[in-house]
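Reading the structure
These are the residues of each chain, in order.
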Amino acid sequence: KQRVLTVHHLDGNKANVRLWNLAALCQVCHLVIQGRVAFYQSYPFPHTPWMARHVERFEREQRRNAVRGAPCALRACAMKRNV
């Protein structure tokens, strides 16, 4: 059986094409995960290796932006979404 591969934007923002924000999922998994995962929500358990890779990249980018003194667009996005 063939499956269609799709790209899921973890933060829900299709304009955000940062590597940490993109996840390749089959269409079935994408439909299951869509709307269930809130990337900005705290998660009390260890991440799976698949998700940990995305979280590590996100956190690395946040640290790099903090060092540069750049505004955190993601924090503003989260506040705008009332998360």
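Residues numbered from 1 in each chain as written. Predicted model: local features only at pLDDT ≥ 70, side-chain atom pairs only at ≥ 80, totals over all residues. Heavy atoms only, no water.

What follows deals with the overall build of the protein. Regarding its fold elements, the protein presents three helices and two strands. Ordered by position in the sequence, the α and β elements of the protein form the string β-β-α-α-α. Considering only intrachain contacts with a sequence separation of at least 6, the fraction spanning at least 24 residues in the protein is 44%. (Helix = DSSP H or I, 4+ residues; strand = E, 2+ residues; numbered from the N terminus. Contact = heavy atoms within 4.5 Å.)

With that settled, the discussion passes to the layout of surface pockets. Taken as a whole, the largest pocket encloses approximately 490 Å³ of empty space. Lining the largest pocket are 18 residues; nearest its centre among them are Val37, Ala38, Tyr43, His47 and Met51. Top contributing element to the lining of the largest pocket by residue count: helix α2 (residues 49-68), with five residues. A class-by-class count of the residues in the lining of the largest pocket yields twelve nonpolar, four polar and two charged. (1 Å grid on protein atoms, 1.4 Å probe; cavity = no way out; pocket = protein on both sides within 12 Å on 5 of 7 lines; lining within 4 Å. Points joined across faces, edges and corners; volume = space filled by probe spheres on them. Nonpolar A, V, L, I, M, F, W, Y, C, P; charged D, E, K, R; others polar.)

A word on the nonpolar core. Listed in full, the seven residues of the largest apolar core are Leu10, Trp20, Ala23, Phe39, Met51, Val55 and Phe58. For this core, the leading source of residues is α2, giving three residues. When near neighbours in sequence (up to four residues on either side) are disregarded, Ala23 contacts Thr6, Val7, His8, Leu10, Trp50 and His54. (Core = buried A, V, L, I, M, F, W, Y, C linked by side-chain atoms within 4.5 Å. Buried < 20%, exposed > 50% of the residue type's maximum accessible area, 1.4 Å probe, protein only.)

This brings us to α2. With 20 residues, α2 should reach 28 Å at 1.5 Å per residue; the first-to-last C-alpha distance of 29 Å fits that figure. Just beyond α2, the residue with positive phi is Gly69, at close to 80 degrees. (Expected span 1.5 Å × (residues − 1).)

Our next topic: the side chain of His54. Here His54 shows up in helix α2. A polar contact of 3.0 Å, which involves the side chain of His54, links it to the backbone oxygen of Trp20. Aside from chain neighbours lying at most four places away, what touches His54 is Leu10, Leu19, Trp20, Leu22, Ala23 and Phe39. (Polar contact = N/O pair within 3.5 Å; in protein donor to acceptor, adjacent residues only side chain to side chain.)

This brings us to the environment of Val28. Within the secondary structure layout, Val28 lies in helix α1 (residues 27-33). With 22 residues separating them in the primary sequence, Val28 and Thr6 have C-alpha atoms 9.4 Å apart.

Here the protein shows a mean pLDDT of 79. Residues at 70 or above account for 83%. Averaged pLDDT values for the elements of the protein fall to 50 in helix α3 (residues 73-80) and rise to 91 in strand β1 (residues 5-9). Every residue in residues 78-83 scores below 50 in pLDDT, and together they form seven contacts with partners more than four places removed in sequence or on other chains. (pLDDT = per-residue confidence, 0-100.)

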